[in-house]
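Structural overview for review
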Amino acid sequence: SMERIAERGLAIPELAGQLGVSHVLEGSVRRAGDRVRVSVQLIDAATDDHVWAENYDRDLNDIFAIQTEIATAIAGQLETELSPAEQARLAEIPTTSLEAYDLYLQAVEIDRQGASITHDRRADLLEQAVALDPNFVHALVGLADAYSRMVFTRLGPDDRYRQRAERMVERIEAGWPGSVDARLARANFHYAALRDFDGALARYLELEGERPNDSDLLLNIASSYKRLGRYDEGLVYLEKALQVDPERPSLYSERAIQQAGAGRRDQVLPGLYTAAARFPESMLIQSWVGHYAYLLEGDRSAYASLYMDDNGLYFSLSRYAIESLGEALPFRLVAEDIGVDRALTELEQLRDTDDAWMDLLIDGQAAELLLINGRTDEARARARNALAAARSGVLAVGRVPGNEPREKYAQLAYVACLADDAAAAEEFRALAGTTEANNPRFSATNRLALVMAQAACGDPEGAWQALPDAQAPWLNFSDWSLVYDPAMKFYFGDLPGYQTIVVRKRQENETEA
């Protein structure tokens, strides 16, 4: 993040104002073989005066000691009294391996960017770090969290990564009992692997007093509040996190989601546009700009362009949309531009022979594309194949994978309706309605999938009446998406209520023009 700031070429007072700080530490690092020279100077942002400067010539292996000396010297210059816990933390040497530390920092930067599809890459880096230094506790905590997030976003078979995460947490608790790291690892596991957001929030709040300026912790608290539908409380912690860490793109996208959830929709896009200008390289920010521009302003092209250009599909973001959100909307939109057959070809690229659930989603969403484009026989056959694969695969073990099976049963109900299998649809609808879900986001996703299943099974009028209850506070659909989404037009296009919305949105467009 500091490299990006340096590239902006801001004057010290302007930089300090952007970051919300009173002093700026400026410096350079020069390496020659196993020796390193670190030159630093502390600058008063208000006056642009140099308060303190020093050079450090040391062995490269002493780099952590240099960090400690610099931080202690700065605290002295600012007349800041450090608590014993803060002094101990400053004196801590995180690892004996500089190579492991470099891998860890790369993983941290991936996490800061906030793209869920990168948790597998993050885990790969941290596995290498832990192999180099098995006692590098920060890397162990990060690795446990990466495994848990892979369960949360379904980047791999759930049981495999849940077990890895739990074993890693137990290893940390055994090696560092009662420590902040051990308690944080357990809280992360409750949040991401177990989706126990009440339990995670209680654990995070206990840690806040010990880590008041930890933007990761503040974000986790805010995210827990979001999952519990307590958006206003989440926004308080997001503002705290932004004060501490204004150069973190994921904080801005998270704020937009929670602003939408709290009903502050007029704040969503202005904040995202500002963030997009500040972080033009962030795919995460761009994706949420497209999402909310589409839902709040009806900007269809901005949304579709996130997932495909003239050269084809943006693989990572498209896979994330389907895998984590169960969302085929990008493919429904681009199919209108490039044709159904090419959209199906692009969709097929996301297939993963190691992930039966992902393959089932692809087949179900291919069936939907075929159906809404008038190729009914092909759609039915594709959906029946998907159901047969589910029966012999993910359902053969007695339940679908994951901690939120209700959502997946709802998706299976929709696939059954696409297959014109009323008995299977009723079976999965019953399972979707009786399996517990413990957070608002997945309840909304579950309800929307069931509404679409009702429409696909031949009751569009009843589905239309149920649709308002399927809308999530943070917006999973809007009047604009009802107008532009080909599936919505296919199922509800003949209904008076739908036609009224279309007329109203067209009139709004004409008025604005």
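Attention in this report is confined to the structure presented alongside it. Small disclaimer: the values here were computed from a predicted structure and weren't measured.

**Describing the overall build of the protein**
Helix and strand counts for the protein stand at 28 helices and 5 strands. Taking all 513 residues of the protein together, 53% fall into the buried category. Long-range pairs, those at least 24 residues apart, make up 59% of the contacts in the protein between residues at least 6 apart in sequence. Of the roughly 22,900 Å² of accessible surface on the protein, a fraction of 49% belongs to carbon and sulfur atoms.

**A closer look at the nonpolar core**
In this structure, Val38, Tyr147, Ile172, Tyr204 and Tyr292 are the most contacted members of the largest nonpolar core, which totals 90 residues. Setting aside residues no more than four positions away along its own chain, tyrosine 292 makes contact with Ala256, Ile257, Ala260, Val268, Leu269, Leu272, Glu297, Trp474 and Leu475. In this structure, Val340, Met358, Leu371 and Ala425 belong to the second largest nonpolar core, which totals 60 residues.

**Focus on the packing of helix α6 (residues 119–132) against helix α7 (residues 137–152)**
Contact geometry of α6 with α7 gives a least axis separation of 9 Å together with a crossing angle of 150°. The angle between α6 and α7 falls in the class roughly antiparallel. Crossing geometry of α6 relative to α7 is assigned as left-handed. When α6 is examined against α7, the residues His119, Asp120, Arg122, Ala123, Leu126, Glu127, Ala129 and Val130 are found in contact with a partner set consisting of Ala139, Leu140, Gly142, Leu143, Asp145, Ala146, Tyr147, Arg149 and Met150. Among the residues forming the contact of α6 with α7, the class breakdown is 10 nonpolar, 2 polar and 5 charged.

**Describing the sheet that holds strand β1 (residues 23–32)**
Read from one edge of the open sheet, 3 strands run β1-β2-β3, paired in antiparallel fashion. Among the strands making up the open sheet, the edge pair consists of β1 and β3 (49–59). Across the sheet, the axes of successive neighbouring strands diverge by a mean angle of 10°, strand direction being ignored. With 10 bridges joining them, β1 and strand β2 (residues 35–44) adopt antiparallel strand pairing. Note on β2: the bridge partner recorded for leucine 25 is leucine 42. Contacting β1, β2 and β3, helix α3 (residues 63–77) runs over the sheet at an angle of about 160° to β3.

**A few points about the state of the cysteines**
For the structure on display, the rule yields 1 disulfide. What pairs with cysteine 417 in a disulfide is cysteine 457, and their sulfur atoms sit 1.8 Å apart. Looking down the S-S bond of the cysteine 417 and cysteine 457 bridge, the torsion is -90°, so its handedness is left-handed. Of this pair, cysteine 417 sits in helix α22 (residues 405–418) while cysteine 457 is found in the loop between α24 (440–456) and α25 (460–466), placing the two residues 40 residues apart along the sequence.

**With respect to the pairing of β3**
Pairing analysis gives 10 bridges linking β2 to β3, with the strands arranged antiparallel. Bridging across to β3, aspartate 44 finds its partner in aspartate 49. What sits between the antiparallel neighbours β2 and β3 is a turn of 4 residues, in which aspartate 48 has the positive phi angle 65°.

**Side note on the packing of aromatic side chains**
Applying the stated criterion to the full structure yields 17 aromatic pairs. Ring geometry for tryptophan 288 against tyrosine 292: centres 5.6 Å apart, planes inclined by 25°, an arrangement best described as stacked. A residue pair is termed a helical-turn pair when its members lie 3 or 4 positions apart in one helix, as tryptophan 288 and tyrosine 292 do in helix α15 (residues 283–297) at 4 residues. A single burial state applies to tryptophan 288 and to tyrosine 292, both of which are buried. Through a chain of ring-to-ring contacts, the aromatic side chains of Tyr414, Trp464, Phe490, Tyr491, Phe492 and Tyr498 assemble into a single cluster. Across from the ring centre of phenylalanine 152, 4.1 Å away, lies the NZ or CZ of arginine 195, which sits over that ring. A cation sits over an aromatic face here: lysine 240 above tyrosine 237, 4.3 Å from the ring centre.

Thresholds, definitions, all that
- Residues numbered from 1 in each chain as written.
- Predicted model: local features only at pLDDT ≥ 70, side-chain atom pairs only at ≥ 80, totals over all residues.
- Heavy atoms only, no water.
- Helix = DSSP H or I, 4+ residues; strand = E, 2+ residues; numbered from the N terminus.
- Buried < 20%, exposed > 50% of the residue type's maximum accessible area, 1.4 Å probe, protein only.
- Contact = heavy atoms within 4.5 Å.
- Areas by Shrake-Rupley, 256 points an atom, 1.4 Å probe, with all protein chains shown as cover.
- Core = buried A, V, L, I, M, F, W, Y, C linked by side-chain atoms within 4.5 Å.
- Axes fitted to C-alpha atoms, helices over the stretch in contact; angles between N-to-C directions.
- Parallel < 35°, antiparallel > 145°, perpendicular 65-115°, else oblique.
- Left-handed = near helix turned anticlockwise from the far one by under 90°.
- Nonpolar A, V, L, I, M, F, W, Y, C, P; charged D, E, K, R; others polar.
- Pairing = 2+ DSSP bridges.
- Disulfide = S-S within 2.5 Å.
- Phe/Tyr/Trp six-rings, centres within 6.5 Å; stacked < 30°, edge-to-face > 60°.
- Lys NZ or Arg CZ within 6 Å of the ring centre and 35° of its normal.

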